[in-house]
Amino acid sequence: SDLGSWMYYNMSAAARSTFTEWTMNDLKSTIDDLEKKATSNQTHFELMRWLVKLNGWYSRKAEIQGMLLNKYEGNPSDSSIIMKRIQSCMEELKILRDDYKGLWMKTNKPDNLYLVEDKFNRMLAYLSEIYGQLAIGKLKPPVIESKWIYAKTTDTTYAPRAVFR
């Protein structure tokens, strides 16, 4: 891996988001330049532009995630600002989902499109759930509630080592 990749993945979510937004115009410009020079595969540029939009959306989602973590950790933050960001993020995701469906239908049958749409819909449901928690002032920890998943840190009766055959 090159230094750029190493640097990017060792950044905080907020820094990655800023870096992504900062490089977005260069990426769009590069795609425009390449499209002018391309002699084949012109249809791929629409998908590349969609991927750039998705990357921008992901960047804004990462900002929201950072804001939520700050709030969860008890740092002062304005829930109404976070809620507005979540609403905007959800609207943008709905557009991305619909645009993806159009891209899919240009080259594929509708079979299995629902598998991709389910991922978009789960993210929308997750964002909606967080929005609802903020609306009532009760942000829950981002863990799955189960007595079976997590080992208690105070419990010393569990096996220190397991061997699977």
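Below you will find a few notes about this structure. These figures come from a predicted structure and were not determined experimentally. (Residues numbered from 1 in each chain as written. Predicted model: local features only at pLDDT ≥ 70, side-chain atom pairs only at ≥ 80, totals over all residues. Heavy atoms only, no water.)

Right, let's talk about the overall build of the protein for a bit. Across its full length, the protein carries five helices and zero strands. Secondary structure elements of the protein, listed N to C terminal, follow the sequence α-α-α-α-α. Burial status across the protein gives 21% buried among its 165 residues. The long-range share in the protein, meaning contacts at least 24 apart out of those at least 6 apart in sequence, stands at 60%. Just so you have it, the protein exposes about 12,600 Å², and 57% of that area is on carbon and sulfur atoms. (Helix = DSSP H or I, 4+ residues; strand = E, 2+ residues; numbered from the N terminus. Buried < 20%, exposed > 50% of the residue type's maximum accessible area, 1.4 Å probe, protein only. Contact = heavy atoms within 4.5 Å. Areas by Shrake-Rupley, 256 points an atom, 1.4 Å probe, with all protein chains shown as cover.)

Attention now moves to the packing of aromatic side chains. Taken as a whole and assessed by the stated rule, the structure comprises four aromatic pairs. Seen from their ring centres, Trp50 and Tyr100 are 5.0 Å apart, and the 50° between their planes marks the pair as tilted. Of the two residues, Trp50 sits in helix H3 (residues 44–72) while Tyr100 sits in helix H4 (residues 79–107), which places them 50 residues apart along the sequence. An aromatic cluster is built from Trp50, Tyr100, Trp104 and Phe120, whose rings are joined through pairwise contacts. (Phe/Tyr/Trp six-rings, centres within 6.5 Å; stacked < 30°, edge-to-face > 60°.)

Moving on, we come to the environment of Cys89. Within the element layout of this structure, Cys89 appears in helix H4. Residues Cys89 and Trp57, spaced 32 residues apart in sequence, show a C-alpha to C-alpha distance of 7.0 Å. The residues contacting Cys89, other than those within four sequence positions of it, are Trp57, Lys61, Ile64 and Leu127.

Moving on, we come to the pattern of salt bridges. Taken as a whole and judged by the stated rule, the model has six salt bridges. A salt bridge links Asp32 to Arg49, with the shortest nitrogen-to-oxygen separation between them at 2.7 Å. One end of the pair, Asp32, is in helix H2 (residues 13–37); the other, Arg49, is in helix H3, with 17 residues separating them in the sequence. The class for Asp32 is partly exposed, based on a relative accessible area of 32%. Here Lys94 makes a salt bridge to Glu91, at a shortest N to O gap of 3.4 Å. Taken as a pair, Lys94 and Glu91 lie in helix H4 at a separation of three residues, close to a single helical turn. Relative accessible area serves as the criterion here: at 30%, Lys94 is assigned to the partly exposed category. (Salt bridge = Lys/Arg side-chain N within 4 Å of Asp/Glu carboxyl O.)

Taken by themselves, the reported measurements are silent on function.
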